[in-house]
Amino acid sequence: MTEFLQQLLNGISLGAIYALIALGYTMVYGVLRFINFAHSDVFMIGSYVGWFALQRFQFQQPSFLGGITVLTLDMAVCALLGVLIEKLAYKPLRNRSTLTVLITAIGVSLLIQNLAQNQKFGFGPNPKAFPPLFPSKQLQFGDLTLSTNQLAVPIVTLGLLAILYWIVHCTRTGTAMRALSFNATAASLVGINNDRIISFTFALGSSLAGAGGVLYAMNYPSIDPLMGTMPGLKAFVAAVLGGIGNLPGAALGGVLIGLVETFVSGTRLSTFRDAIAFAILIAILLFRPAGLLGKLKVEKV
Amino acid sequence: MPDILLDLSSVTIRFGGLTAVSSVSITVREGELVGLIGPNGAGKTTVFNMVTGVYQPTEGSIHLGGRSLAKLKPFQITDLGIARTFQNIRLFPSLTVYDNVRVAFHRHLQNHSLQSLIRSSNFEEEEANLKARTVELLTLFNLQRVQDEPAKSLSYGDQRRLEILRALATKPRLLLLDEPAAGMNSSEKTELLTLIRFIRDTFDLAILLVEHDMKVVMGICERIHVLEYGRKIAEGTPSAIRADPKVIAAYLGDN
Amino acid sequence: MVPPKSQRLLIATLAIAALISAFSGRIDAYLLDVALGAGISIVLASSLNLINGFTGQFSLGHAGFMAVGAYASAMLTTTLAPKLMGQTELLQWVVFPLSLVAGGLLSALVGVAVGAPSLRLKGDYLAIVTLGFGEIIKVILQNLDAVGGARGLTGIHTHTSLFWVFGSAAVTVYVVWSLLNSTFGRGFVAVADDEVAAEAMGLNSTHYKITAFVVGSFFAGVAGGLYAHLKGYLNPSGFSFDKSIEIVVMVILGGMGRHSGVIVAAVLLTALTEVLRSFGNYRMIVYSVLLIILMLTRPQGLFIWPLKKRKST
Ligand SMILES: Nc1ncnc2c1ncn2[C@@H]1O[C@H](COP(=O)(O)OP(=O)(O)OP(=O)(O)O)[C@@H](O)[C@H]1O
Ligand SMILES: [Mg+2]
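Section: the coordination of the magnesium ion (ligand 2)
All names here are of chain B.
So, step 1. At 1.9 to 2.1 Å from the magnesium ion (ligand 2) lie its protein donor atoms, namely Thr45 (OG1) and Gln87 (OE1). Pair noted here: Thr45 is in helix α1 (residues 44–51) and Gln87 is in the loop between β6 (82–84) and α3 (97–103), with a separation of 42 residues, a long-range link.
So, step 2. On the accessibility criterion, Thr45 (18% relative accessible area) is buried.

Shown next as structure tokens:
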């Protein structure tokens, strides 16, 4: 039972991180209808930015305030990076075929990964140990021992989701974002500046991925330039599982994938862990292509 | 009276909460030229999409020559002898004009994948035969002059005519035309009228025509069905439809 | 009866490949290695061109199919080899080509398994699913002790010669070309252009897509077999997503759905990889920058020779 609860919490933590990344995929897909392959690398850069920030400030003791500061800074840098990628690589490709944009996105992803691996321009290929972000305490609930770090991920994620919900549903920009993903032409007709909203969407999604990167690194706690690929793919699967374009769906999908993966890791099938997400993806596309919370649209002819 | 070819009986389709077509019955007899008219959004294209298997009706049945079309895929329905054009032209843009027509012979093809690898004399014979038929059709519509151009480079009028020709290459018993005159000037429209009559007479088929231009519809159709908001509000000869107060109201109300 | 021109061309190419192969001992070893690599790339790129270029089914799993073929044919030759001790001729000229075909067939079978459920998907969804399949294949291979698991498979006989590589390349190009250049074959392009219209013209789009996947993955499997018997060892990590991307880039560079463009691109990119080696660590950076610039400036492919008006044949 304790074992189960422990695994459950681990699964939720991992899933929360997938959820943070998945939200970025789903938002960008909503407004531009393409998979931003470089998103997983923004996640990786996020963890490095966190690492540098923690090195630079050299906190004697990790503190909650310090942790939150690093997280905020990190999200801001990643937001900028996301906008930069969008402006340089994707904006010139508006209205080009999906394929062209997809390949460009893969190119951007390869570039970021290889720059990061480079000793001179980047971080070098070797993994780095990630210092503690928050002060850690052991909590005892009967048989169950928990560290505050394990709770930090779901708590921070919930906080970010609340902010995201507020932005999307209670601000003008959020409303414009929803309008844009509903119908781009109509949105521009009613005076929405599509380019601005697209940039904003990239900023928002990338900042969440950045937060995900720091939280992932904090739990893992080691970072390297290729660390983004697998979590990125799984988060994408999460977005599809929840129904692409659907924000609560992405969050739900993330948590589900995290749980499944954690519980599979505890069994004999653990070496197949990385294949599980794809098996889920294929199953969902076969049986419920619109995803758990998505609605299937009939193509107009 | 000729036999009934197409029979839609009490067909309904819903998209989520929207009932696009509601309990509509339409018949087309062998060799008949029937019009389907109605204001924008009345459900005309949706009827075409149900007949050709693009959408499945929520209720009701569709029969072609007594055979139910329920659950058939679009290509199977084409095999049974229904061909169509699209309201917003859908050619194969990167194929040449010639290839656009040629692929539509698919339904009558004997030799498929394996034979195209072996290239037996039988295969070469059929290909030569198809080539002759394709060129013959193209010449009929005076499109042979552009046969090696990619379809996307054609003028709008030629694209419309090519789309009709491509549909004819499948040798249909029933041809569905969705607003073939849209975007044409009046001399082009007159030409189109002649063309449609010519098609019906030479190819021995029935035509169901969706068209906004009343001159075109009234000029060639023997019978007309009128839709409004997904319901059928009238059916009859052109003169009867022209005088029908419900139809007049529908069109006046629309403007 | 005189065979059609395309078949005569195929036979001529096979003869030339055999001739050059006979003198391959005199060719510089490094050059030979690059040439063999380029030939295998032609098989991979031409077969993917059928799926991605002509049929418009964006697949990112070609390396996965290649892996299936590589492992299957390598397992066949390595288990049969000890039983045929001393009979090198038999191994080289009968068992090896049969193992290539067997690898191709298994790969084609996997192709159906991937293609059938993915057909409903379009564009980037299909890309992700095929990518996922590729990864699943990799993970399964890593976990299969019978084929060496994550350590890889070693001790594979090196049967791959110029003849087999360029013979396979010629057959691949011939098959894709002939398939496309027929009334049936134009249907692949029609399905890619507009699936709804294609169905309305009586084309069974599912049938076309599956055919493309089967033929494409068959030749990817053959390429895998050639690769296995060229290198002499296999490792699942060699068939990752990056490898699939490499093949996709060849198809795009060659101009999606152009036979000769894709062949030239396959050779060029193989050569480029060699050139980039001198950049050391910067190789992949240069590669990805080139890729991005290319997509921004020439998404239709590298080659700008004017499209000859196709004769109606
Ligand atoms: N796939 C679909 N999903 C949702 N609604 C649809 C779909 N297809 C059609 N509709 C709706 O059904 C109604 C009828 O559309 P339809 O295109 O059949 O009209 P129409 O009579 O052809 O009009 P027009 O003259 O403008 O072509 C419209 O309200 C349309 O929005
Ligand atoms: Mg319409």
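A look at the pairing of strand β9 (residues 223–228) of chain B
All names here are of chain B.
So, step 1. Burial within β9 is extensive, with five of its six residues counted as buried.
So, step 2. Strand direction decides the pairing type here: strand β3 (residues 33–37) and β9, joined by four bridges, are parallel. When the sheet's bridge partners are listed, Val34 is paired in β9 with Arg223.
So, step 3. Pairing of β9 with strand β10 (residues 231–236) involves five bridges; the strand directions are antiparallel. Its bridge partner lying in β10, Val226 is registered against Ala234.
So, step 4. Adjacent in sequence and paired antiparallel, β9 and β10 are bridged by two residues, among which Tyr229 carries a positive phi angle near 45°.

Side note on helix α6 (residues 172–182) of chain A
Residues and elements named next belong to chain A.
So, step 1. Burial in α6 covers these residues: Gly174, Ala176, Met177 and Leu180. The buried residues of α6 occupy an angular sector of 160° when the element is viewed end-on, so they sit on one face. Exposed positions of α6 whose direction lies more than 90 degrees from the buried face are Arg172 and Phe182.

Here we look at the sheet that holds strand β1 (residues 4–15) of chain B
Residues and elements named next belong to chain B.
So, step 1. Read from one edge of the open sheet, four strands run β2-β1-β4-β5, paired in antiparallel fashion. At either end of the open sheet lies a strand with only one pairing partner, and these are β2 (18–29) and β5 (67–68).
So, step 2. One ladder, built from two bridges, connects strand β4 (residues 59–64) with β5; its direction is antiparallel. Following the sheet pairing, Leu64 is matched in β5 by Arg67.
So, step 3. The strands touched by α1 are β1, β2 and β4; relative to β1, the strand with the most contacts, the crossing angle is about 115°.

Observations concerning a nonpolar patch on the surface
All names here are of chain C.
So, step 1. On the surface, a cluster of nonpolar side chains totalling about 570 Å² of accessible area is made up of Ile16, Leu19, Ile20, Phe23, Ile27 and Leu31.
So, step 2. Residue contributions to the nonpolar patch peak at three residues, all from helix α1 (residues 5–22).
So, step 3. Assignment of secondary structure puts Ile27 in the loop between α1 and α2 (29–54).
So, step 4. With a relative accessible area of 30%, Ile27 lands in the partly exposed category.

Considerations on the nonpolar core
Grouped burial of nonpolar side chains is what soluble globular proteins tend to show.
So, step 1. Core analysis: the largest hydrophobic core is formed by 248 residues, its most contacted members being A:Phe37, A:Tyr90, B:Leu175, B:Ile199, B:Ile207, C:Leu60 and C:Leu234.
So, step 2. In this structure, this core is formed jointly by two domains, domain 1 (4–81 + 171–252) and domain 2 (94–163) of chain B, each of which donates at least three residues.
So, step 3. Non-local contacts of B:Ile207, meaning those with residues more than four positions away in its chain, are made with B:Glu32, B:Leu33, B:Val34, B:Leu174, B:Leu175, B:Leu177, B:Ile196, B:Ile199 and B:Arg200.
So, step 4. Counting 30 residues, the second largest nonpolar core, distinct from the first, contains B:Val11, B:Val47, B:Met50 and B:Val51.

Concerning the pairing of strand β7 (residues 174–178) of chain B
Residue and element names in this part refer to chain B.
So, step 1. Of all five residues making up β7, five are buried, and the element is well covered by its neighbours.
So, step 2. What you see with β7 is no split at all: Leu174, Leu176 and Asp178 on one side and Leu175 and Leu177 on the other are buried throughout.
So, step 3. Pairing geometry for β6 and β7, over three bridges, is parallel. Paired with Arg84 across the bridge in β7 is Leu176.
So, step 4. Both β7 and strand β8 (residues 206–210) contribute to a ladder of five bridges, which runs parallel. What sits directly across from Leu177, in β8, is Leu209.

Looking at the site of ligand 1
So, step 1. With respect to spatial proximity, 16 residues lie near ligand 1, and among them B:Gly41, B:Lys44, B:Thr45, B:Thr46 and B:Gln87 are the closest.
So, step 2. Those residues lying near ligand 1 are distributed over chains A and B.
So, step 3. Note that an oxygen atom of ligand 1 is positioned 2.8 Å from one of the side-chain N or O atoms of B:Asn40.
So, step 4. B:Gln87 is positioned such that a nitrogen or oxygen atom in its side chain is 2.7 Å from an oxygen atom of ligand 1.

Description of the domain arrangement of chain B
Residues and elements named next belong to chain B.
So, step 1. According to the domain assignment, chain B consists of domain 1 (4–81 + 171–252) and domain 2 (94–163).
So, step 2. Taking only C-alpha atoms, the centre of domain 1 and the centre of domain 2 are 28 Å apart.
So, step 3. At the junction of the two partners, domain 1 supplies 16 residues and domain 2 supplies 10 residues.
So, step 4. Between domain 1 and domain 2, roughly 970 Å² of surface is buried when both sides are summed, and carbon and sulfur atoms account for 62% of that area.
So, step 5. Interface area lost by domain 1 to domain 2 is led by Asp79, Lys171 and Leu195, which between them contribute 39%.
So, step 6. At the junction of domain 1 and domain 2, the tally comes to zero salt bridges.
So, step 7. Applying the counting rule to domain 1 against domain 2 returns two residue pairs in polar contact (both at pLDDT 80 or more).
So, step 8. Of all the secondary-structure elements, those providing two or more residues to the side of domain 1 that touches domain 2 are α2 (74–80) and α7 (186–203).

The rules behind the values
- Residues numbered from 1 in each chain as written.
- Chains lettered and ligands numbered in written order.
- Predicted model: local features only at pLDDT ≥ 70, side-chain atom pairs only at ≥ 80, totals over all residues.
- Heavy atoms only, no water.
- Donors = N, O, S within 2.8 Å, 3.2 Å for Na, K, Ca; no water.
- Helix = DSSP H or I, 4+ residues; strand = E, 2+ residues; numbered from the N terminus.
- Buried < 20%, exposed > 50% of the residue type's maximum accessible area, 1.4 Å probe, protein only.
- Pairing = 2+ DSSP bridges.
- Arc of directions from axis to C-beta.
- Contact = heavy atoms within 4.5 Å.
- Axes fitted to C-alpha atoms, helices over the stretch in contact; angles between N-to-C directions.
- Patch = residues over 30% accessible without salt bridge, like charges linked within 9 Å, V, L, I, M, F, W, Y side chains within 5 Å.
- Areas by Shrake-Rupley, 256 points an atom, 1.4 Å probe, with all protein chains shown as cover.
- Salt bridge = Lys/Arg side-chain N within 4 Å of Asp/Glu carboxyl O.
- Core = buried A, V, L, I, M, F, W, Y, C linked by side-chain atoms within 4.5 Å.
- Domains from an automatic or database assignment.
- Near = heavy atom within 4 Å.
- Polar contact = N/O pair within 3.5 Å; in protein donor to acceptor, adjacent residues only side chain to side chain.
- Buried area = accessible area lost by both parts, 1.4 Å probe.

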